[in-house]
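Structural features, examined
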Amino acid sequence: MTTGNVTAFLYTYLQAKIWSQYQLNSSIVLARCKSAADANATNESWMTVVAGSAFIAWTVGALLLVIWATISDIGNASRVVKKINVSSSVIVRSFSIRRNLSNLIMSDERAELNLGHLNGIRAITMMITLLSHSSIPLIRMPLKNVDQLEAQFDQSWFPLAMAGNTYTVQLFFVIGGLLLVVNVLQQTKESSTVGMPYFMDRVKNRLIRIFPTYMFVILFHSSWYPRLYDGPVGDRFKDHCVKNWWTNLLFVNNYIHPSEP
């Protein structure tokens, strides 16, 4: 059966059914027709293969790094005199499970920098933002019963949540900027000058905190994620990250292929 025959058959059947039940005219567009040969074909480019290999290597390396940092942190905590160089101490502080769990649970002992409430608000706004973005694919999926979606719009909280998404993201960045300014002011209080070494140290710490997770998500999305979705709506979630993932890792995606992020 050809694509035209399938479209004609669906159009005739669905039009009659929809008209008989709702007195509405309908139209059919065949978005995707996948044959058995297409299902068995592998069209992975060399960029996808590189991203997949890098994802496996990075995942294994990150797990080993976390294990090493945690063991080193526990070992140094049990010693009276801690013998650890400066370069490795930054890595241990960043990837040690013991150290980071204690930082999340324990509050800052310095009274003048007791900003735990701001960190809490920032964490709440971050979770709201993540939940909102994770629900976007559900909106693009076909619905069996539109009454369920319409029932959500009837809830009093739903319009507020949708309208507040933009302000939630802005609030997250405002609080993050405020905490950064407080950190800079504290540094100027302890030191007479704040020069380029301080800002380079801030950039280094930010990269150590963000880049591992960022690299994990980018490599997974560009290599292994396309293998997980399939079906008539699988094409809706395709993007340019499969071939342009390296621009995101190098932070040049705003300058190289900016229209294909």
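A quick note: this is a predicted structure, and the numbers were derived from the prediction, not measured.

Definitions and limits used
- Residues numbered from 1 in each chain as written.
- Predicted model: local features only at pLDDT ≥ 70, side-chain atom pairs only at ≥ 80, totals over all residues.
- Heavy atoms only, no water.
- Helix = DSSP H or I, 4+ residues; strand = E, 2+ residues; numbered from the N terminus.
- Buried < 20%, exposed > 50% of the residue type's maximum accessible area, 1.4 Å probe, protein only.
- Contact = heavy atoms within 4.5 Å.
- Areas by Shrake-Rupley, 256 points an atom, 1.4 Å probe, with all protein chains shown as cover.
- Polar contact = N/O pair within 3.5 Å; in protein donor to acceptor, adjacent residues only side chain to side chain.
- UniProt positions renumbered as here; feature names shortened; annotations may be inferred.
- Axes fitted to C-alpha atoms, helices over the stretch in contact; angles between N-to-C directions.
- Left-handed = near helix turned anticlockwise from the far one by under 90°.
- Nonpolar A, V, L, I, M, F, W, Y, C, P; charged D, E, K, R; others polar.
- Patch = residues over 30% accessible without salt bridge, like charges linked within 9 Å, V, L, I, M, F, W, Y side chains within 5 Å.
- Salt bridge = Lys/Arg side-chain N within 4 Å of Asp/Glu carboxyl O.
- Core = buried A, V, L, I, M, F, W, Y, C linked by side-chain atoms within 4.5 Å.

**As for the overall build of the chain**
From N to C terminus, the chain includes 12 helices and 0 strands. Seen in sequence order, the chain has helices and strands lined up from the N terminus as α-α-α-α-α-α-α-α-α-α-α-α. Burial analysis of the chain (261 residues in total) assigns 18% to the buried set. Taking as baseline every contact in the chain between residues at least 6 positions apart, the subset at least 24 positions apart corresponds to 62%. Total accessible area computed for the chain in this model is approximately 19,400 Å², and 66% of it derives from carbon and sulfur atoms.

**Digging into the side chain of Thr168**
Within the element layout of this structure, Thr168 appears in helix 10 (residues 165-190). Those residues in contact with Thr168 that sit more than four places away from it in its chain are Thr125, Ile128 and Thr129.

**As for unusual backbone geometry**
Leaving glycine out, the prevailing phi sign among residues is negative, and the prevailing peptide bond configuration is trans. With a phi angle near 60 degrees, Phe251 is a residue other than glycine that sits in the positive phi range. With respect to the helices and strands, Phe251 occurs in the segment after helix 12 (241-249). Phi is positive for His257, close to 55 degrees, though the residue is something other than glycine. Following the sequence through the fold, His257 ends up in the segment after helix 12.

**Description of the side chain of Ser222**
The topology assignment puts Ser222 in helix 11 (residues 196-223). A relative accessible area of 0% means that Ser222 is categorised as buried. Within polar-contact distance, the side chain of Ser222 engages the backbone oxygen of Leu219 at 3.2 Å. Not counting the four nearest positions on each side in its chain, Ser222 is found in contact with Thr48, Ala51, Cys241, Val242 and Trp245.

**As for the UniProt feature "transmembrane region" (unreviewed entry) in the chain**
Following the UniProt record, one finds the feature "transmembrane region" (unreviewed entry) at residues 46-69, 167-186 and 207-225. Secondary structure content for residues 46-69 is 100% helix and 0% strand, and the end C-alpha separation is 34 Å. End C-alpha to end C-alpha, residues 207-225 measures 24 Å, and it is 89% helix and 0% strand.

**Details of the packing of helix 6 (residues 116-134) against helix 10**
It is at 9 Å that the axes of helix 6 and helix 10 come closest, and there the two elements cross at 145 degrees. By crossing handedness, the relation of helix 6 to helix 10 is classed as left-handed. Where helix 6 abuts helix 10, its residues Leu118, Asn119, Ile121, Arg122, Thr125, Met126, Ile128, Thr129 and Ser132 lie against Asn165, Thr168, Val169, Leu171, Phe172, Ile175, Gly176, Leu178 and Leu179. Taken together, the residues of the contact of helix 6 with helix 10 sort by class into 10 nonpolar, 7 polar and 1 charged.

**Focus on a nonpolar patch on the surface**
Judged by side-chain polarity, Ile56, Val60, Leu64, Ile67 and Ile71 come together as a nonpolar surface patch covering roughly 480 Å² of accessible area. With respect to the helices and strands, the residue Ile71 is situated in helix 3 (residues 46-77). A relative accessible area of 56% means that Ile71 is categorised as exposed.

**Notes on the nonpolar core**
In this structure, Met47, Ala51, Phe55, Met215, Ile218, Leu219, Cys241, Trp245 and Leu249 together form the largest nonpolar core, which totals 9 residues. Elements that contribute at least two residues to this core include exactly helix 3, helix 11 and helix 12. With near-sequence residues (within four places) excluded, Trp245 lies in contact with Met47, Val50, Ala51, Ile218, Leu219 and Ser222.

**Remarks on the environment of Leu24**
Along the chain, Leu24 falls in the loop between helix 1 (3-22) and helix 2 (36-40). A residue is classified by how much of its surface remains accessible, and Leu24, at 47% relative accessible area, is partly exposed. With residues up to four places along the chain from it excluded, the contact list for Leu24 reads Ile18 and Trp19.

**Topic: the pattern of salt bridges**
Evaluation of the coordinates by the stated rule reveals 4 salt bridges. Between Lys204 and Asp201 there is a salt bridge, with the nearest N and O atoms lying 3.4 Å from each other. Taken as a pair, Lys204 and Asp201 lie in helix 11 at a separation of 3 residues, close to a single helical turn. Residue classification places Lys204 among the partly exposed positions, given a relative accessible area of 37%.

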